[in-house]
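Here's the letter readout for the chains.
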Amino acid sequence: MQCLLVDDDLDDQEVFLMTLEKINKNIKCLTANNGVEALSLLSTQNSFVPDYIFLDVNMPKMNGIECLKNIKNLSHLNDCKIFMYSTTSETSVLEKSKNLGATDFIVKPSSPATLKATLSVILDN
Amino acid sequence: MTEIQSPENVRKRNYKHKNNNDIYHKMIEEIEDYAIILLDKNGFIRDWNKGAEKIKLYNEGEILGKHFSIFYLQEDIDANLPQKLLTQAEETGKAVHEGWRKRKDGSKFWGSITITAIHDEKHNVIGFSKVTRDLTEKKRTEDELRMSEERYHRMIAEVQDYAIILLDENGFIQNWNIGAEKIKGYKADEIVGKHFSIFYPAEDQQNKLPDQLLERARAEGKALHEGWRIRKDGSRFWGTIVITALHGKDNTIIGFSKVTRDLTEKKIADEKLLSYTAELEIQNGELEQFAYVASHDLQEPLRKIQTFTELIKDNYNDEQFVDRYFEKLDTSAKRMALLVKSLLNYSRLSNDKSEKTKVDLNTVLAETKQDFELLIEEKKATIKSTNLPTVFGNYTQLGQLFSNLISNALKFSNGDPLIEITAKTVSRQDIQEAPVSLLHKHFYEISFRDNGIGFEQQYDKLIFSLFQRLHGKHEYNGTGIGLALCKKIAENHGGCIKAEGEPGKGATFTAYLPADV
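Here is what the cut-offs are and how they apply
Residues numbered from 1 in each chain as written. Chains lettered and ligands numbered in written order. Predicted model: local features only at pLDDT ≥ 70, side-chain atom pairs only at ≥ 80, totals over all residues. Helix = DSSP H or I, 4+ residues; strand = E, 2+ residues; numbered from the N terminus. Buried ≥ 20, exposed ≤ 12 C-beta atoms within 10 Å, placed from the backbone. Contact = placed C-beta atoms within 7 Å. Pairing = 2+ DSSP bridges. Axes fitted to C-alpha atoms, helices over the stretch in contact; angles between N-to-C directions. Core = buried A, V, L, I, M, F, W, Y, C linked by C-beta atoms within 7 Å. pLDDT = per-residue confidence, 0-100.

**Regarding the overall build of chain B**
Part 1 of the reasoning: Along its length, chain B carries 16 helices and 17 strands.
Part 2 of the reasoning: Here chain B holds 517 residues, and 26% of them are scored as buried.

**Quick look at the overall build of chain A**
Part 1 of the reasoning: The helix and strand tally for chain A stands at five helices and five strands.
Part 2 of the reasoning: Scanning chain A from its N terminus toward the C terminus, one meets helices and strands in the order β-α-β-α-β-α-β-α-β-α.
Part 3 of the reasoning: Classification of the 125 residues of chain A by burial places 34% in the buried group.
Part 4 of the reasoning: When contacts within chain A are restricted to residue pairs at least 6 apart in sequence, long-range pairs at least 24 apart make up 67% of them.

**Here's the deal with the sheet that holds strand 14 (residues 418-427) of chain B**
Residue and element names in this part refer to chain B.
Part 1 of the reasoning: Sheet architecture is open: five strands sit in the order 12-14-15-17-16, paired in mixed fashion. Only two strands of the sheet have a single partner each, and these edge strands are strand 12 (382-385) and strand 16 (496-502). Recorded for the sheet is a direction-independent mean angle of 20° between the axes of neighbouring strands.
Part 2 of the reasoning: Note that strand 14 and strand 15 (residues 442-450) share nine bridges and pair antiparallel. Residue Ser-427 lies in a different strand from strand 15, and its bridge partner there is His-442.

**Concerning the nonpolar core**
Part 1 of the reasoning: Ranked by size, the top nonpolar core spans 39 residues in total, and within it Leu-401, Leu-405, Cys-486, Ala-490, Ile-497, Phe-509 and Ala-511 of chain B carry the most contacts.
Part 2 of the reasoning: If you list the elements that add at least two residues to this core, you get helix 13 (361-371), helix 15 (395-411), strand 14, strand 15, helix 16 (482-492), strand 16 and strand 17 (506-514) of chain B.
Part 3 of the reasoning: Leaving out residues up to four positions away in the same chain, Leu-405 of chain B has contacts with Phe-448, Cys-486 and Phe-509 of chain B.
Part 4 of the reasoning: In this structure, Leu-5, Leu-42, Cys-67 and Ile-71 of chain A belong to the second largest nonpolar core, which totals 24 residues.

**Here's the deal with unusual backbone geometry**
Residue and element names in this part refer to chain B.
Part 1 of the reasoning: Positioned with a positive phi, Asn-80 is a non-glycine residue whose angle comes to about 65°.
Part 2 of the reasoning: Its place among the elements puts Asn-80 in the loop between helix 4 (74-78) and helix 5 (81-92).
Part 3 of the reasoning: Residue classification places Asn-80 among the exposed residues on the basis of 12 C-beta atoms within 10 Å.
Part 4 of the reasoning: In this model, Lys-380 sits at a positive phi of 55°, which is unusual for a non-glycine residue.
Part 5 of the reasoning: If you trace the backbone, Lys-380 turns up in the loop between helix 14 (373-379) and strand 12.
Part 6 of the reasoning: Note on Lys-380: 11 C-beta atoms within 10 Å, which makes it exposed.

**Thoughts on the confidence of the model for chain A**
Part 1 of the reasoning: Confidence in the prediction for chain A averages 90 pLDDT; 98% of positions are at 70 or higher.
Part 2 of the reasoning: Across chain A, the element-wise mean pLDDT spans from 88 in helix 2 (residues 35-44) of chain A up to 95 in strand 3 (residues 52-55) of chain A.

**Brief notes about the environment of Phe-326 of chain B**
Part 1 of the reasoning: Tracing the sequence through the fold places Phe-326 of chain B in helix 12 (residues 319-350).
Part 2 of the reasoning: Remark: the alpha-carbon pair of Phe-326 of chain B and Ile-312 of chain B, spanning 14 residues in sequence, is separated by 7.7 Å.

**What about the confidence of the model for chain B?**
Part 1 of the reasoning: Taken residue by residue, chain B gives an average pLDDT of 87. The fraction at 70 or more is 93%.
Part 2 of the reasoning: With pTM at 0.54, the complex prediction returns an ipTM value of 0.90.

**Regarding the pairing of strand 16 of chain B**
Residue and element names in this part refer to chain B.
Part 1 of the reasoning: Among the seven residues of strand 16, five are classified as buried, and the element is accordingly described as predominantly covered.
Part 2 of the reasoning: With seven bridges joining them, strand 16 and strand 17 adopt antiparallel strand pairing. The partner of Lys-498 across the bridge, within strand 17, is Thr-510.
Part 3 of the reasoning: Joining the antiparallel neighbours strand 16 and strand 17 is a turn of three residues, in which Gly-504 adopts a positive phi near 80°.

This is the structure:
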């Protein structure tokens, strides 16, 4: 199983990876600091085809919504499930991401335990 | 050809004459609606009929032999009116007069009289007939009508709050009231005879609005309109008008009444209310956006504090882990404090109504340099500047503007920072990048040019949005408020700000501040 986390916040990246490892040590998770980095990673490393992508919304250079649009144009990622992953959920952003084909929208939990539970449900499915 | 005068005929004729005379006399005597009086050639009363008695209240016995001036008012007698009328009748055959007369009881009646001279066969005046009609009722009705008309006329003439104008069928001004003078500034003798289109602005005249309004009033009976009109002195007022077609007896249009009210004050109040509402809507939108981004950015450190606390609890025995996460906890709390402080600063700026004063930007720059003395030294930065202007503004805000732009230039540096600050005067037309206040024609263009990391030009607008960051938090620290603050400050001063950049080659931030205040 392969994952990609796109988030400009290094603390959030650390906590996410830590939680993921607790769920399953065998999951390979790469990180990108913004949309531009994510796209470059996805389009240059053809061997890396993640099953799940977690996309922060507010990021410099290219935000999560723009990044989502671009990922949806990459045909080799058609089976990839994309989850928006942000501090807050604003209705307009929520709808935009839904219309652009995001699987779901996760509000970053303030408790690592909650994050673990949420990720477990997603990965078990 | 002479008729043969037979004795029989003479007798018959004499009889007829006598009879006719009697009947004629009787007829006159019995007429009640006219006073028919026979005067001798000096104006003394010789005969009197029922009508005379009824109108003047004397009986025959009392009045015969009296002079007819008895019926005249003292002022007419003093003016010798009775004799003048007799003389006129004597000379021209008759005299006609209307005027107040006096009854026996002293009451007055409005008499219409005709005095006719009576001549003998040799054309000598031997007396006068005087026919008098009592027209008091008619006179009263006429007077009332005239008074009512006059009152109506005065009422219109003296109405002050409405310009009430009579136009002829082609729109030329026929009369003018005080209200019209007060609202439009013309005196009656300056404007009567002119066309009413004189009150309309040039563009309305070109569009033939006055003619269209008359046409509508002609077709529909009246025309309503609201719009700007021009006073004599060229100033504008907001007029609300009603033009009503006036019809003659045969239903043809004989002219128009035009009632105008000056609602400039109301219009200005309405517009103020509208712009106030619009401003409020914009502010509301800004506030909503502000609340969203603020909650997002404030929640972030708060969420981290909760996360880190939980992680510390779960890994209490791992000393290294605990130390590391206490550090992160501290960073998050400090960031939260900084955000709250910056937000407060930004929101205070939106409500700042404090007085503006003359601010020498050279002083502002000197103070800013002093504030950053240590950082400038540490970064080996050079700040060059030309002579800067004195502007009219808020000292604290301008200080924040300089402080944010210089600290950005120091922060996003690439090697030893070189910051150049220049100023020149430009006209409003030269500023195309952003809207500036229409109240000013000239602006100071103050540029902050650096040799730092620059940015991609496509972000030149985004860069000024609240909480918008072009770089990851781990690359450069900051709240994402600084440039939004700079934009707000420039706008508060009636100016604007723009950004130009190229990655790796530096950035230039240019603020425009009004020069003509």
